[in-house]
Amino acid sequence: MAFSVSRYSFRNPEARDTTFDIARAICALYIVCFWHALDYLDPGFLSERARQVFSALAQVALGSFTFMSAYFLKRYEIRSGRDVLKFYEGRFKRFWPLYFIASLLLYLGGSLYGAAWYPSFTDFFLSLLGLPFFVNPLPRTMWYMAILMFFYWITPLILALRGGGGYKKDIPALALALALLFLLRKNFDSRILLHSAIFAAGLSIPEGPVSLIKKNALCFAVSGCLLLALLLYFRQATALIVCAGVVSLVAVSALLSRAKCVSAVATLISYSSLCMYLFHRHIYALFTRIPTGKPLSGLLVFALVCPCIILCSYAIQRAYDYGTEIKCRQ
């Protein structure tokens, strides 16, 4: 999955290429510990223009998660119904129980405090099934998990159509799926379309271009960041910004992976990234409820709340892995 790494890989980061671990960690920290943290700070913390720039970078972070998820999923081979079932079992076992718990807490908590995260119970239920195009409007934060889950539903079909590995069949298959969605829903959320295109790219791009970026990391990091800055300055299309951002992120992460201390810390955060995304709203809400219900100070958020989110997420993920491991042994 885009958010998590193998269960105990953080113990020996030197044994693996940590480029994508670092990329996941950067994205998780940006979304959870900065972009969403702004919702709990004074509205005047950033200017309107700065918020627009950081909003575009948030799209880059989420787009990078989507790309990485698809990029690793294309390695699966679907040749029989058993392969399909095995794919679903592996994907949903890794995140759906945690996704259900986090979503249920938000749904119940929103109902109790009068700040509904889901328009209705039906929308809540459909989001849990990974059918976000029937939910209008999409819920805050969890909309991304619902979209990602929908992609998991259709991935085996795409991989099966590919057959021997022909990437040319990926994009037409997703285009057909999107065409059906347009027929099913008039009020089609543009975020679904954007991430569908990114997911298609992740499934279609072979390892060669990514390896090229990692081998020439400095060149791609400098050129990619300059291009990203220009696109942000001139407020170009979000899709172009995300493309430049993904390239820049992979290149910068490849450079950072050369530092062992960075790799070790980033791999731990990457391991916790799924739970960070799923449960950070709960922890933020707890801190806002305990004092006075007023906006938090920047010092409190970045020095206390964000480290608390990382540590709690790590503990939740470890407990979940430990519990599922015991169950598998039984």
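Remember, predicted model here, so these are calculated numbers, not experimental data.

Further remarks concern the packing of aromatic side chains. For the coordinates displayed, the defined rule picks out 30 aromatic pairs. Ring centres of F45 and F302 lie 6.4 Å apart, and the angle between their planes is 45°; this geometry places the pair in the tilted category. Residue F45 is found in the loop between helix 1 (19-35) and helix 2 (48-73), and its partner F302 is found in helix 12 (residues 298-329); the two are separated by 257 residues along the sequence. Joined through ring pairs, the aromatic side chains of Y76, F87, Y88, F92, F95, Y99, Y152 and W153 make up one cluster. Against the face of W117 rests R140, its NZ or CZ located 4.0 Å from the ring centre. Directly above the ring of W143 sits R191, whose terminal nitrogen or CZ lies 4.3 Å from the centroid.

Here we come to helix 1. The end-to-end C-alpha distance of helix 1 is 23 Å, a good match for the 24 Å that 17 residues give at a rise of 1.5 Å each. Burial within helix 1 is extensive, with 15 of its 17 residues counted as buried.

Below, the discussion takes up the packing of helix 1 against helix 2. Closest axis-to-axis distance for the helix 1/helix 2 pair is 10 Å, and the angle between their directions is 145°. Here the hand of the crossing between helix 1 and helix 2 comes out left-handed. Of helix 2, the residues touching helix 1 (which contributes F20, A23, R24, C27, A28, Y30, I31, F34 and W35) are R51, F54, S55, L57, A58, A61, L62, S64, F65, M68, Y71 and F72. Considered class by class, the residues forming the contact of helix 1 with helix 2 number 17 nonpolar, two polar and two charged.

Conventions adopted
- Within every chain, residues take consecutive numbers counted from 1 along the sequence as written.
- Given that the model is predicted, a residue must reach a pLDDT of at least 70 before its local features are reported, and side-chain atom pairs must reach 80 or more before they are shown or counted; all residues, however, enter totals for whole chains, interfaces and linings.
- Excluded from the side-chain calculation are hydrogens and water; included are all heavy atoms of the structure.
- Working definition: a ring pair exists when centres of Phe, Tyr or Trp rings (six-membered ring for Trp) sit within 6.5 Å. Plane angles under 30 degrees give stacked, over 60 give edge-to-face, the rest tilted.
- Helix and strand definitions here come from DSSP, where helices need a minimum of 4 consecutive H or I residues and strands a minimum of 2 consecutive E residues; each element is numbered from the N-terminal end.
- Distance and angle both matter: a charge sits over a ring if NZ of Lys or CZ of Arg is within 6 Å of the ring centre and within 35 degrees of the ring normal.
- Take the residue count of a helix, subtract one, and multiply by 1.5 Å to get its expected span.
- Burial here depends on accessible area, computed with a 1.4 Å probe over protein chains only, as a share of the maximum for the residue type. Under 20% is buried, over 50% is exposed, and the range in between is partly exposed.
- Fitting a line to C-alpha atoms yields each axis, with helices limited to the stretch in contact; the angle taken between N-to-C directions then spans 0 to 180 degrees.
- If you view the pair so one helix is near and one far, a crossing is left-handed when the near helix is turned anticlockwise from the far one by less than a right angle, and right-handed when it is turned clockwise.
- Should any heavy atoms of two residues lie within 4.5 Å, those residues are counted as being in contact.
- Put simply, Ala, Val, Leu, Ile, Met, Phe, Trp, Tyr, Cys and Pro go in the nonpolar bin, Asp, Glu, Lys and Arg in the charged bin, and everything else, Gly too, in the polar bin.

Purely spatial values, then, with no claim about function.
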